[in-house]
Amino acid sequence: RLRSGFQLRVGSCSDESEILAAVDRWIEATCPRRVFLVRYDEPDEWPAARGRLLRAHVDGCIRSAEEPVPVTFDTADLVPDRFVSELGRGSLVMGPVYAGKDHYGYVMVDPLGVDVTGLDAVGHSIGNALRSRHLIEQLEHQATRLQRANAELSRLANRDGLTGLANRLCFDRRLREARELGD
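Peer 1: Any chance you could break down the pairing of strand 6 (residues 102-109) for me, citing the residues and the numbers?
Peer 2: By the criterion of burial, strand 6 is predominantly enclosed, with six of the eight residues buried. Sheet topology note: the strand 1 (residues 34-44)/strand 6 ladder contains six bridges and is antiparallel. The residue of strand 6 that forms the bridge with Phe-36 is Met-108. Of the strand pairs in this sheet, strand 5 (residues 93-99) and strand 6 are connected by seven bridges, and their pairing is antiparallel. Its bridge partner being in strand 6, Gly-95 is matched across the sheet by Val-107. Linkage of strand 5 to strand 6, two consecutive antiparallel strands, is achieved through a turn of two residues, within which Gly-100 is found at a positive phi near 60 degrees.

Written as structure tokens, this is what we have:
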């Protein structure tokens, strides 16, 4: 029940802060000693070399908000430098954060007293939410590029290429607009 509730909560998230709020609720419900959630800079079929720490939950405290801008680090180190000491405090179970064939990061959980059998489902749910956010960001970026391209095409269509002066198409359009305003 906990897992399906988490999947529903994180599946309805529209931005990264909502995803992290859902992760925080999952952490509160499962009570692991330590959790580290890392997001890769760019999703890919293979784990990325660089990532950023989205959430560090250590002994009941969320500690990733200490820096205003998340630090990018080599994922071969597993965690940023300030959390390296946590790697020596006992076992951590690591699971991929993925959606389809793309890897979006990983989650590491201290298994002491926690059922980690659903960690794959948690990683998949977070990955689906991150994929949705990534696709929305891509669409927004493409829409911005398309608006700029259309503005440039409009400018080119309404100006003479040699002189840069307004052309007949521009004149006709402005005349029509002036007539409509006068009516």
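Peer 1: Requested: an account of helix 2 (residues 16-30), with residues and values cited.
Peer 2: Counted at 1.5 Å a residue, the expected span for helix 2 with its 15 residues is 21 Å, and the 21 Å between its end C-alpha atoms agrees. Here helix 2 has its buried residues at Glu-16, Ile-19, Leu-20, Ala-22, Val-23, Asp-24, Trp-26, Ile-27 and Thr-30. Cys-31 occupies a position one or two residues after helix 2 and carries a positive phi of about 55 degrees.

Peer 1: Break down unusual backbone geometry for me, with residues and values.
Peer 2: We note that Asp-59 has phi near 50 degrees; this positive angle belongs to a residue other than glycine. Relative to the helices and strands, Asp-59 resides in the loop between strand 2 (50-58) and strand 3 (61-62). Non-glycine residue Leu-78 carries a positive phi angle of around 75 degrees. With respect to the helices, strands and loops of the structure, Leu-78 is situated in the loop between strand 4 (72-74) and strand 5. Exposure remark for Leu-78: the relative accessible area of 26% places this residue in the partly exposed category.

Peer 1: Explain the side chain of Thr-75 to me, and be specific about the residues and the numbers.
Peer 2: Take Thr-75: it is sitting in the loop between strand 4 and strand 5. With relative accessibility at 11%, the residue Thr-75 sits in the buried group. Sequence-distant contacts of Thr-75, that is, excluding residues within four places in its chain, are made with Val-38, Tyr-40, Ala-48, Ala-49, Arg-50, Gly-51 and Tyr-106.

Rules used throughout
Residues numbered from 1 in each chain as written. Predicted model: local features only at pLDDT ≥ 70, side-chain atom pairs only at ≥ 80, totals over all residues. Heavy atoms only, no water. Buried < 20%, exposed > 50% of the residue type's maximum accessible area, 1.4 Å probe, protein only. Helix = DSSP H or I, 4+ residues; strand = E, 2+ residues; numbered from the N terminus. Pairing = 2+ DSSP bridges. Expected span 1.5 Å × (residues − 1). Contact = heavy atoms within 4.5 Å.

Note that every value here comes from positions in space, so none of it alone points to a role or purpose.
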